[in-house]
Amino acid sequence: MTNGTRTFADARRWALIGAELTFDAVAGLDDAGYAAPSTLPGWSRAHIAAHVAANAEALSNLVHWAATGEPTPMYASPEERAAGIERGRALPADRLTAWLRRSADALEVRMDQLTDEQWRHEVVTAQGRTVPATELPWMRSREVCVHAVDLATGVSFANLPADFLAALCDDVAAKRAAAPGPAVTLRAPAAGADWELPGDGEPVPVTGELHDIAAYLTGRDADLRAADGTPAPALGAWL
C-alpha cells in the first residue's frame, strides 16, 4: 500500500538534510574513528564515507547525461566502483571528509543548473533502470539519509524526517513485494500507515514505530516483534 506521495521538491530537501546529517556524523573523526566498524558487516565508517562520496560523483555523471544527452554511466564497471571505494576508504581522515563534502556540494550545484526540460531527460542507473533525471534527488536522499545512520556515530532512523521515512517504506516495500520473501503485514499506527509484503503462507502481523519499520525494511537492526512476540521474519537484501 502506498501511504503518500513524494514530490521532486521533497527529494531535493531530503537530500540536503541527509547530506548535513552525514557531515555531522563524520565531523571530528580521525583515522581511528574512520577505521571503526559501521553498522554494515565488513565495512568500516571509512567504507561508508567513501561510498557516499563516490555516489555523489556517480550521480553527477547522470546529471551530465541529462544536461548534454551524452551517455555517461554512473560507474565504468562494478569492479571500478568497488576499487573506488577501496581507494577512498584508505585516504587520511581529513582528505576523506573533504571528498565527502566536496562531492556532495558539486552534485547540488550541478543539479541546480539543470533546466526543467533537462530534468525530464532519461538516464540509466547502475542497476540498469531507465529513469527520468527527476529520480536522481530521490536516489541521493536514500543514500545520504540511510548511510548517515550506518556510520554508527549517533544518527538513528528516528532522526530522519518522518515524510522521508514514509516514502522510503513505500519504495522499499514495493521492491520487496516484487521479489520472493516472507509474507508480512507492517503497521505504523502513529503514522497512520501500513504495508503488505506478499509471500507464501499467512502474513505475519508486525506493528511498530515508523522509524523502526523503515530500519527493518532496509535490512537494519530494528528489533521488531510479531504479534506473538517472536522476532519479525528476516528479510533478504534490499538493493
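Scroll up to find the structure this text is about.
The rules behind each value
Counting restarts for each chain: residues are numbered from 1 in the order of the written sequence. Local features in this predicted model are restricted to residues of pLDDT 70 or higher, and side-chain atom pairs are both shown and tallied only at a pLDDT of 80 or more, whereas totals for entire chains, interfaces and linings draw on every residue. The side-chain values count all of the structure's non-hydrogen atoms but skip hydrogen atoms and water molecules. The working definition used for a salt bridge is a side-chain nitrogen of Lys or Arg within 4 Å of a carboxyl oxygen of Asp or Glu. A helix here means a DSSP run of H or I that spans at least four residues, while a strand means a run of E at least two residues long, and both kinds are numbered starting from the N terminus. Burial here depends on accessible area, computed with a 1.4 Å probe over protein chains only, as a share of the maximum for the residue type. Under 20% is buried, over 50% is exposed, and the range in between is partly exposed. What we call a nonpolar core is a set of buried Ala, Val, Leu, Ile, Met, Phe, Trp, Tyr and Cys residues that are connected through their side-chain atoms within 4.5 Å. Here the rule is simple: two strands pair whenever DSSP picks up at least two bridges between them. Think of each axis as a best-fit line through the C-alpha atoms, taken over the contacting stretch in the case of a helix, with angles from 0 to 180 degrees between the N-to-C directions. The contact criterion used is simple: two residues touch if any of their non-hydrogen atoms lie within 4.5 Å.

Asks: Any chance you could explain the pattern of salt bridges here in plain terms?
Replies: Applying the stated rule across the entire model yields 11 salt bridges. For the salt bridge of Arg142 with Asp171, the shortest nitrogen-to-oxygen distance reads 2.9 Å. Taken together, the residues span a long stretch of sequence, with Arg142 in helix H7 (residues 136-150) and Asp171 in helix H8 (residues 162-177) at a distance of 29 residues. Ionic pairing is found between Arg220 and Asp150, a salt bridge with its closest N-O pair at 2.6 Å. One end of the pair, Arg220, is in the segment after helix H9 (210-217); the other, Asp150, is in helix H7, and 70 residues separate them in sequence. What makes Arg220 buried here is its relative accessible area of 17%. Several salt bridges share partner residues, and in doing so they unite Asp10, Arg13 and Asp163 into one network.

Asks: When you look at the nonpolar core in this model, what are you seeing that I'm missing?
Replies: Generally speaking, nonpolar side chains in soluble globular proteins are found buried as a group. Within the largest apolar cluster, 57 residues are counted, with the highest numbers of intra-cluster contacts made by Phe157, Leu168, Leu186 and Trp195. Elements that contribute at least two residues to this core include exactly helix H1 (8-26), helix H3 (45-68), helix H5 (93-112), H7, H8, strand S3 (182-188), strand S4 (193-197) and H9. Core analysis: the second largest hydrophobic core is formed by 18 residues, Met74, Val131, Leu136 and Met139 among them.

Asks: I would appreciate a short explanation of the sheet that holds S4 in the present structure.
Replies: Through backbone hydrogen bonds, the strands of a sheet pair up, either in parallel or in antiparallel fashion. As summarised here, the arrangement of the three strands in space is S4-S3-S5, forming an open sheet in which the pairing is mixed. Each edge of the open sheet carries a strand with a single partner, namely S4 and strand S5 (200-207). Taking each pair of neighbouring strands and ignoring which way they run, the sheet shows an average axis angle of 15°. Pairing of S3 with S4, which is carried by five bridges, proceeds in the antiparallel orientation. When the bridges of S4 are listed, Val184 appears paired with Leu197. Each of S3 and S4 is contacted by H9, which is oriented at about 155° to S3, the strand it contacts most.

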